[in-house]
Amino acid sequence: KVHILGVGLPLFYTSISFICGIALLFAVGTWAVYTGSPVSQALSATDASAMSLLSTAIRLPAQSPALVLSPMTFCGQASAPDILRQMREFASNNFLLIGVLYVLTFAASLVHGKYQLQAARDYDAKNKTMSDYALRVSGLRRRLTDEEKLRE
């Protein structure tokens, strides 16, 4: 089997897979924090129908016939301090989760980098590449490598 594309394409696809895995980890983590918090219950209670919003509309006499429709009227028995406490708790938990995920992402990226380097070395050892047929010359004097003088 001949690999005419070289090592770049497999390394590219493993990097894309790594990024997708990290994105999935962040999405699942934040979803878990959100669904486990009372904030999700309060926000899902605002998915009310238009008729129920109309039934709780605020009528201001000075702005009649205008109505003020607010989904926040469906917050139930929770008071404003309770909602604020729940939101702060959610923000704190989300902050902690993101901090942990950043540390895990950093560690995972180091492991991924080591894997990429090893994969490139393995590919080079198993396949013939252009570097197997190249010659590197170093230590030449400057006047022998000046492009302008060589063109003359």
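In what follows, the structure referred to is the one given above.
Quantities reported herein were computed from a predicted structural model and do not represent experimental measurements.

Definitions and cut-offs
Residues numbered from 1 in each chain as written. Predicted model: local features only at pLDDT ≥ 70, side-chain atom pairs only at ≥ 80, totals over all residues. Heavy atoms only, no water. Core = buried A, V, L, I, M, F, W, Y, C linked by side-chain atoms within 4.5 Å. Buried < 20%, exposed > 50% of the residue type's maximum accessible area, 1.4 Å probe, protein only. Helix = DSSP H or I, 4+ residues; strand = E, 2+ residues; numbered from the N terminus. Contact = heavy atoms within 4.5 Å. Phe/Tyr/Trp six-rings, centres within 6.5 Å; stacked < 30°, edge-to-face > 60°.

Draft legend 1. The nonpolar core, seen in detail. One finds Ile-22, Phe-26, Val-33, Val-39, Phe-90, Leu-97 and Leu-101 forming the largest nonpolar core, which totals 7 residues. Every element with two or more residues in this core is listed here: α1 (8-35) and α4 (80-126). When residues no more than four places from it in sequence are discounted, the contact partners of Ile-22 are Thr-105 and Ala-108.

Draft legend 2. Region of the structure containing the packing of aromatic side chains. Counted under the stated rule, the structure contains 3 aromatic pairs. Between the aromatic rings of Phe-12 and Tyr-13, the centroid separation amounts to 5.4 Å while the plane-to-plane angle is 65°, which identifies the pairing as edge-to-face. The exposure class assigned to Tyr-13 is partly exposed, which follows from its relative accessible area of 48%. Ring centres 5.6 Å apart and planes at 50° place the aromatic pair Phe-26 and Tyr-102 in the tilted group. Taken together, the positions of Phe-26 in helix α1 and Tyr-102 in helix α4 put the pair 76 residues apart, joining distant regions of the chain. The exposure class assigned to Phe-26 is buried, which follows from its relative accessible area of 17%.

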